Every structure is written in structure tokens, then in C-alpha cells.
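Residue-level structure breakdown
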Amino acid sequence: MADILSNSGTDLLLGNEAITRGLIEAGVKFASTYPGTPSSEIGNNLEKISQEVGMYFEFSVNEKVAMETAAAAASSGVRSIVFMKHVGLNVAADPMMTLAYSGVRGAMLILTADDPSLHSSQNEQDNRIYSKLALLPMMEPSTPAEAKDMVAEACRVSEELELPLIFRTTTRVNHARGIVEFGTPEETSAKGRFEKDTARFVNIPAFAKKNRVKLLDLNRKAMALSEVSPLNFIEGEGDTGVITSGVSYTYVKEYIKDVQILKLGFTNPLPEKKIAEFIKGKSRIIVVEELEPFLEDQVLRISAQNKLSVPVYGKRSGHLPVEWEYSPDVVVRLKDLVKMDEPPVPLKPVDIKLPGRPPTLCAGCPHRGIFAATKKAMGKREAVYCSDIGCYTLGVQSPFDMADFIICMGGGAGAAGGFAQVTDQKPVAFIGDSTFFHSGIPPLISAKFNGHKLVMVIVDNRTTAMTGHQPNPGTGRDFGGVTTEALDIESVVKGIGVDFLATVNPYDVKAASKVMKEAIDTDGVAVVISKMACPLELKKQRTLVIRETKVDQSKCIKCYTCLKTIACPALVKRGDEVHVDEVQCIGCGMCADVCPKDAIGVRQ
Amino acid sequence: MRYTIQIVGVGGQGVLLASMVLGSAAMNAGYKVAMSEVHGMAQRGGSVLCTLRFGDEVISPLESAGGADLLMGFEPVETCRNVSLANKDTKILMNLDPVYPSMVAAGFEDYPNIEEMVTAVKERTENLVTIDATSIAISAGKAVAANAVMIGAVAAAKGFPLSKDLLKDMLAKNVPPKFVDLNKKAFDMGYEHMSKQKG
């Protein structure tokens with residue numbers, strides 16, 4: 001990590017580091033999140049440095065709670081941010097929609113990190129549309145450097161309007177790297193006071209009705225700010241005009257020639273007068289933006305209202321795609337409309353069959369053990385494996401095939417109840433420790449309440465692994481000067497009063513399989529907690545004990561049960577012999593446990 | 001001036017570190033820099049691609065297909081998979097040490113013949129240089145220094161716009177203090193390997 005605490009000079013920063021630096025410079029003093037790619041590094045940075053810069057930071061239990069805590073801070077006059085990945089805003093949408101009616105006193109940024117091309121996500125939703133739904137101002141940076149500076153500008157606008165502001169990034173901004181110049185942090189207070197104002201902060205129908213009108217008024221004021229915002233600027237010359245925002249701007253700027261560009265950074269409300277003036281006199285307008293035609297449809301509407309008949313090209317004309325992220329190769333599709341350099345001729349693809357390299361569960365990952373145990377316990381019975389969001393999602397791969405239904409955080413547990421009701425298949429819901437706290441508890445209670453017969457397997461690897469090992473309620477908190485005790489998952493589940501509850505060690509596959517069988521046979525709600533720390537996390541903490549593991553070739557009968565059930569990357573087949581890759585193996589013993597001939601030895 | 005490096009490999013091979021070293025060197029040489037990295041789910045043993053662009057006026061974090069000036073392939077299959085990032089003038093540096101995907105390691109899929117892969121790339125370009133970066137790193141002291149070997153080799157590539165001293169300096173700043181000597185040695189051996197190719 002670069003030294004983002006420096007108050008001068010320049011450095012090569014990841015977009016998320018630049019945003020973190022922006023928060024410091026803008027004097028943001030309250031930050032909350034639930035981890036999610038591509039926003040996660042902001043939290044990882046703040047976990048390390050927030051205390052030093054006098055900021056409070058927390059990993060909230062989910063995005064909804066994160067939104068509510070930040071809303072309270074901002075309503076008390078403290079500059080705040082809540083940040084999350086795009087789908088996280090769905091979870092937090094409920095408080096956001098009415099918070100817009102109340103507004104805030106100190107600045108509040110709602111950062112949503114969208115993921116065009118779904119690099120690490122389950123869908124490709126365009127969260128810019130939330131700004132229209134919630135009637136909130138929105139800004140979109142194009143580069144890490146612009147993102148850093150935009151944080152302060154966003155805080156100013158949020159405070160001027162007394163409204164939360166949506167700060168919308170995408171993967172190619174969060175995970176781009178560029179040169180960023182450091183500035184001087186603004187002095188602000190981390191302490192606030194909540195001045196009561198019932199008509200504003202208590203949205204009962206009588207008050208909310210008036211607050212809605214006030215919000216519409218504020219949107220007119222916001223448009224006036226957008227019209228004069230330095231974030232919406234024109235550059236270049238040409239009678240073809242390109243209107244663009246976000247990372248798309250960088251492709252337009254570098255790869256398209258002889259056009260005039262209207263670069264939009266303040267994208268809700270749009271500067272309608274500025275756009276109409278820009279269109280006037282052009283021979284054609286091209287709108288370049290990723291995902292939904294958010295700008296384009298408004299440009300078409302603004303054209304119509306201003307009785308302009310300049311043709312508008314983009315997604316609606318079929319020139320540019322709606323799906324997936326843009327790149328210089330996508331911009332080439334405009335070559336009949338604009339001037340650009342002849343793209344180089346790529347070398348022909350190699351015509352050798354190349355093995356795929358999908359992401360996989362790590363060597364010694366305890367999820368491998370519980371998947372193997374579940375498969376054995378289920379036997380020939382038909383199951384529906386409802387999985388969830390986390391590393392264990394990778395259980396979809398062979399030989400596990402342990403994911404039949406995945407929609408969202410906590411979604412597997414809820415769906416399991418429905419499958420239990422309408423099918424004769426046995427629903428098994430896998431859910432991680434962090435995801436359980438995030439949104440797994442209500443569906444478990446609902447299953448108990450409604451009498452759904454299902455198995456929930458809580459794969460408790462003692463961390464929020466997929467997003468980079470953040471702490472969660474199950475680990476307790478120990479950063480930023482705050483220490484809290486770990487919450488015991490078994491006690492939480494016991495409190496719900498399920499019909500079967502057991503904790504297993506997934507490295508002991510045989511024993512875990514016996515317990516899984518009991519759980520599957522339970523005529524009610526069964527919960528199995530598969531508890532084993534993520535080896536990557538232990539490696540980070542320097543507490544991982546590696547035990548030497550060897551295959552005794554004289555005992556091995558080449559049945560390959562180890563490869564077929566655990567499929568650990570540390571097991572390597574050379575010729576017809578199975579060997580252990582010493583570099584990768586951690587000595588967890590799962591392969592030894594499933595070996596029918598005790599041919600794999602683990603040194604104790 | 002505008003120069004694009006595409007770095008391809010497998011999570012854990014040090015692709016991100018190599019990109020940081022090259023990017024910091026470009027920044028210190030006074031160029032504008034735009035990079036794009038792969039994080040998150042894809043890192044779990046998956047293919048990794050890192051784009052590094054620098055020059056007088058550079059802002060886009062991505063390059064067009066075939067637009068690379070240099071393709072650094074940390075792994076043979078990944079080099080082949082991404083060969084279309086290069087054009088006929090692109091310099092390609094291809095490490096020949098394989099990293100087996102899990103399905104290959106477990107014997108369910110085959111790893112292609114490395115000679116055949118090299119031949120396939122050679123059929124497409126005259127600008128291929130192959131290197132046994134891991135073997136060289138082991139002779140320098142440790143296999144983990146393979147990325148230092150790769151950076152050293154790049155420093156000797158014909159027309160490469162960043163200086164050897166600057167790259168070596170940035171490498172030293174980006175690795176833990178106790179590994180500085182190892183990495184510098186590996187860098188020099190990579191540099192030497194590439195210099196010999198030209199002769």
C-alpha cells in the first residue's frame with residue numbers, strides 16, 4: 001500500500017486508495033461499509049489508518065445498517081460516507097429512499113462501486129438509476145486522480161443541498177491505478193450533536209408528504225449546481241459532439257479524434273441547459289456510457305424538449321452495447337461516425353486447446369471438507385444445494401457440484417424454505433459466517449416459524465474471506481481503538497431453537513459426514529456449523545502450522561478417491577501416481593481422512 | 001510517446017508486484033501512468049491480467065486488442081491465451097515454467113506441450129523471447145524472484161523506454177528489505193539473458 005497519510009507529493013495510487021486519500025483530505029470523520037468487491041480496499045485501508053486521521057470507521061453487519069449509522073452521523077453534522085458494492089445498495093435502499101426526504105446536515109456520501117462485466121459479482125445492475133429513484137444528486141469520477149478530488153467537491157455539494165450524494169464508481173476506476181497529487185486535509189469535527197426537528201426527521205405520512213415536495217425543490221436547486229459545476233466541462237473542437245461519463249471518458253479522450261467532448265462528472269441532475277447548448281449546431285451527438293442508456297435517454301428527452309433535431313447515436317441506435325464494460329475495442333464500433341487511428345491487427349489466437357483456469361478454492365480450504373462430507377451424507381437422495389455469496393460459491397465447480405441456486409447475500413437460506421415447501425428434494429443452504437450475520441438469521445427464523453424442513457450449513461471460516469479477510473461479528477473487532485468480543489454463532493442459533501444443531505470440524509471429513517447425515521435425516525430445521533479458520537487468514541496472522549504430508553506409494557491403490565472428493569490443488573497426479581505438492585500443501589489432512597487405505601500420512 | 005505493457009500470469013506469481021515496479025519507474029521517469037488490475041474473486045488461483053500504459057498523454061486504463069508494445073507472459077498457457085493482446089511488432093517475453101491449473105494437476109485435463117506452444121507463438125511473430133525465469137531465479141537464490149528475472153529481462157528489451165537503473169531501484173523499493181539482494185541478483189541475470197538474445 002502506498003503511503004496515503006502523506007500530506008504532499010504524488011504517488012501511484014489504486015482508485016480505492018485515492019478515494020481513501022480523498023476522504024482524509026475532505027475531512028470525512030465517519031465511515032461505514034459492508035465489504036464487497038470492487039469497493040473492499042477502501043475499508044481495508046481505513047481499518048489500518050482511520051484512527052490516525054481522527055476518523056471513526058466500522059464494518060457494519062450489512063449495508064442497511066451501514067447506511068443507517070452513517071445517516072445518523074451526517075444528521076448530527078459529521079461528514080460521513082457509507083460505501084459498498086453495487087448490489088449492497090439494494091440492501092441499503094430502504095433507508096436511503098426515506099433518508100432523501102429527511103436529508104442530512106453534514107455531508108454524506110453514498111459510494112456505490114458498480115461492476116460492469118461482472119468481474120466479481122452476480123449481476124451487472126447500473127446503480128445510476130438509483131439517483132433518479134431516490135431523487136439524490138450523483139457524481140461519477142473517471143480516474144483515480146479525479147476520484148480523489150471529487151470526494152471533497154461531493155462533500156461541498158452534499159452540504160449545500162443538505163442531501164446525501166451518490167458517489168458512483170466502477171471496477172475500472174476502483175481498480176485502476178494512476179498518479180495522484182496529495183493535498184492538505186480540511187479541518188472538521190468528528191463530534192456532532194443531533195438537533196431535533198420532528199417535521200424533518202420523523203417521516204410519518206403528514207410530514208413525509210411535505211418532505212417529498214421539499215425534495216423535489218432541492219432537485220431544482222441541485223440542477224442549478226450541476227449547470228455550473230466544474231465537473232461538467234467541454235473540451236476539444238469538432239462538429240461531432242460526444243457526451244460521456246465515468247471511465248468511458250478515458251477511452252473517448254484517447255482513442256477518438258476531432259470531436260468536442262462534454263464530460264459529465266455531476267450526473268444527477270444533469271445540466272439540461274448545458275447539454276442543450278452543447279447539442280445546438282452539432283452535426284451529430286454520440287453518447288458513450290457503460291450499461292443502461294442513462295445519459296442517452298435523457299439527452300434524447302432534452303433534445304426533444306428543446307426542439308433540436310441533431311441525430312443522437314449510442315445504444316438506442318445500435319452502435320454501442322448495453323451489456324458489459326467498455327474498452328478501446330468497444331469504442332472502435334464508432335469508426336463509421338468518428339475519426340480514429342486504425343487499430344493494430346492482433347495476432348491470431350493460438351489454436352492449441354488450452355486448459356481453463358477458473359478461480360478455485362485454495363489448497364487446504366475447509367470448504368472442500370464440508371462439501372465432500374455433505375456429498376457422502378446425501379448419498380443417492382436428491383438435494384437442492386442453495387449456496388450464497390462468498391468463497392464457498394466456488395463449490396459450484398466439479399467435483400463438488402454444491403451450488404444449484406444462488407441469487408444474493410442470504411438468498412440461499414430463504415430459498416431453501418421455498419424448496420422445502422414445494423419439492424420433495426432436500427434443501428441444503430450453505431452460508432458463510434459473515435453472510436450469516438449479514439442476512440442469514442431472518443431466513444433461519446422464518447424457516448423455524450413456518451415449519452420448513454431444511455438444513456443450513458454455516459461454513460464458519462472465522463473471517464470474511466472472499467473480499468480480503470475483514471473481521472465480522474463472529475471474530476470480534478480489534479482495530480481503530482475499539483475492541484469487542486466475538487459473538488458465538490452456536491449460541492445465536494441455539495436461541496432460535498432449531499431442531500438439530502451441531503458443530504463439526506470439516507478437516508475430519510468422516511465425522512463431519514456422519515453429522516451431516518443426522519442433519520439431513522432431521523424432520524425439521526437442522527443447522528450444522530462447519531468451523532475451521534481460513535488458512536489464508538492464518539497465514540496472514542503468521543499462525544498457520546504446516547504439517548508435512550506424503551503419499552505412501554506402496555499402499556496407494558490408485559482409486560483416486562482423494563482427487564475425486566477433496567480435489568485439492570496440492571494433490572498432483574504424475575503418471576498414475578498421486579503426489580503432494582509441498583509448496584501448496586498445508587497438511588490439513590482432508591485427503592488422508594478420505595483415503596480408504598491410509599496411504600496418505602500427515603506428520604503430527 | 002505512448003507505451004503499453006500487458007502482463008499476464010496466474011494469481012500468486014507476482015504479476016501485481018511487477019506492474020507496481022514498472023508503473024513506479026514510469027512515474028519516476030516523468031510519464032503519465034494509467035494501469036488496470038485484477039482483484040477479488042478472480043485472484044483465487046485464476047488467470048491474472050494487468051495493463052500498464054505510460055507516456056506523454058495517457059489516461060485510459062485499458063488498451064485495444066493487439067495494442068501492446070510489450071507482452072510479459074509469466075506462464076506459457078497464459079501467454080498463449082492472451083497472444084491477441086499483441087500485434088506482429090509487439091515484443092513478447094514468455095516464461096516457460098508452467099503453473100498447472102487444478103484440473104490439470106488432478107489429472108482431469110492435459111497441459112499442452114510447451115514446445116508446441118512456443119512454436120505456435122513463433123509462427124505468429126518474430127519478436128518472441130523465451131525465458132526460464134524460475135530456473136534462473138533458483139540459481140539466483142530463490143524461485144520467488146522469478147518476477148525480478150522477468151523485470152530484468154524487460155529492461156534489456158530493444159527500445160524499452162525505461163532505464164535499467166531506474167527499474168532496479170524501483171524493484172528494490174518494492175520488495176521486503178531482506179530480499180533486496182536476491183531480487184537485484186535475479187534482475188541482473190534476467191537482464192543478461194535478454195541481452196544475449198539480441199546478440
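Residues numbered from 1 in each chain as written. Chains lettered and ligands numbered in written order. Predicted model: local features only at pLDDT ≥ 70, side-chain atom pairs only at ≥ 80, totals over all residues. Heavy atoms only, no water.

Looking only at helices and strands, chain B features eight helices and six strands. Each helix and strand of chain B, placed in order from N terminus to C terminus, yields the pattern β-α-β-β-β-α-β-α-α-β-α-α-α-α. A compact globule built from 199 residues would reach a C-alpha radius of gyration of about 16 Å, and chain B, at 16 Å, matches this within 12%. Buried residues in chain B amount to 59% of all 199 residues. Across chain B, the fraction of contacts at a sequence separation of at least 24, relative to all contacts at a separation of at least 6, is 64%. (Helix = DSSP H or I, 4+ residues; strand = E, 2+ residues; numbered from the N terminus. Rg over C-alpha atoms; globule rule 2.2 N^0.38 Å. Buried < 20%, exposed > 50% of the residue type's maximum accessible area, 1.4 Å probe, protein only. Contact = heavy atoms within 4.5 Å.)

All names here are of chain A. In space, the five strands of this open sheet follow the order S9-S11-S10-S13-S14, with mixed pairing throughout. The open sheet has two edge strands with one neighbour each: strand S9 (233-235) and strand S14 (312-313). Across five bridges, strand S10 (residues 240-245) lies against strand S11 (residues 260-264) in parallel orientation. Residue Val242 lies in a different strand from S11, and its bridge partner there is Ile261. Strands S9, S10, S11 and strand S13 (284-288) of the sheet are contacted by helix H10 (residues 248-255), whose axis makes an angle of about 145° with S10. (Pairing = 2+ DSSP bridges. Axes fitted to C-alpha atoms, helices over the stretch in contact; angles between N-to-C directions.)

The relative placement of two packed helices comes down to the angle between their axes together with the axis-to-axis distance. All names here are of chain B. Two numbers describe how helix H1 (residues 15-28) lies on helix H7 (residues 164-174): the axes approach to 9 Å, and their chain directions differ by 130°. Classed by the angle they form, the pair H1 and H7 counts as oblique. You can see that H1 and H7 cross each other, and the crossing is right-handed. Contact residues: Leu17, Met20, Val21, Leu22, Ser24, Ala25 and Asn28 in H1; Leu166, Leu167, Met170, Leu171 and Asn174 in H7. (Parallel < 35°, antiparallel > 145°, perpendicular 65-115°, else oblique. Left-handed = near helix turned anticlockwise from the far one by under 90°.)

Next up on the list: the interface of chain A and chain B. Between chain A and chain B, the residue contacts involve 55 residues of the former and 62 residues of the latter. There are six salt bridges connecting chain A and chain B. Among the salt bridges present, the one from Arg2(B) reaches Glu254(A), with a minimum N-O distance of 2.9 Å. The tally of links between chain A and chain B comes to 21 residue pairs in polar contact (both at pLDDT 80 or more). Taken together, the elements giving at least two residues each to the side of chain A that touches chain B come down to strand S1 (10-14), strand S8 (176-181), H10, helix H13 (328-331), helix H20 (561-565) and strand S23 (571-574) of chain A. When residues of the side of chain A that touches chain B are assigned to their parent elements, the largest contribution, six residues, is made by H10(A). For S8(A) and strand S2 (residues 32-36) of chain B, the ladder comprises three bridges, and the chain directions are antiparallel. By the bridge assignment for S2(B), Ala176(A) is matched with Ser36(B). (Salt bridge = Lys/Arg side-chain N within 4 Å of Asp/Glu carboxyl O. Polar contact = N/O pair within 3.5 Å; in protein donor to acceptor, adjacent residues only side chain to side chain.)

For the structure shown, the criterion picks out zero disulfides over all chains. Summary of cysteine pairing: Cys386(A) is not part of a disulfide, and the nearest cysteine sulfur, belonging to Cys408(A), is at 12 Å. The exposure class of Cys386(A) is buried, given its relative accessible area of 0%. Not part of a disulfide, Cys80(B) finds its nearest cysteine sulfur in Cys50(B), a span of 20 Å. (Disulfide = S-S within 2.5 Å.)

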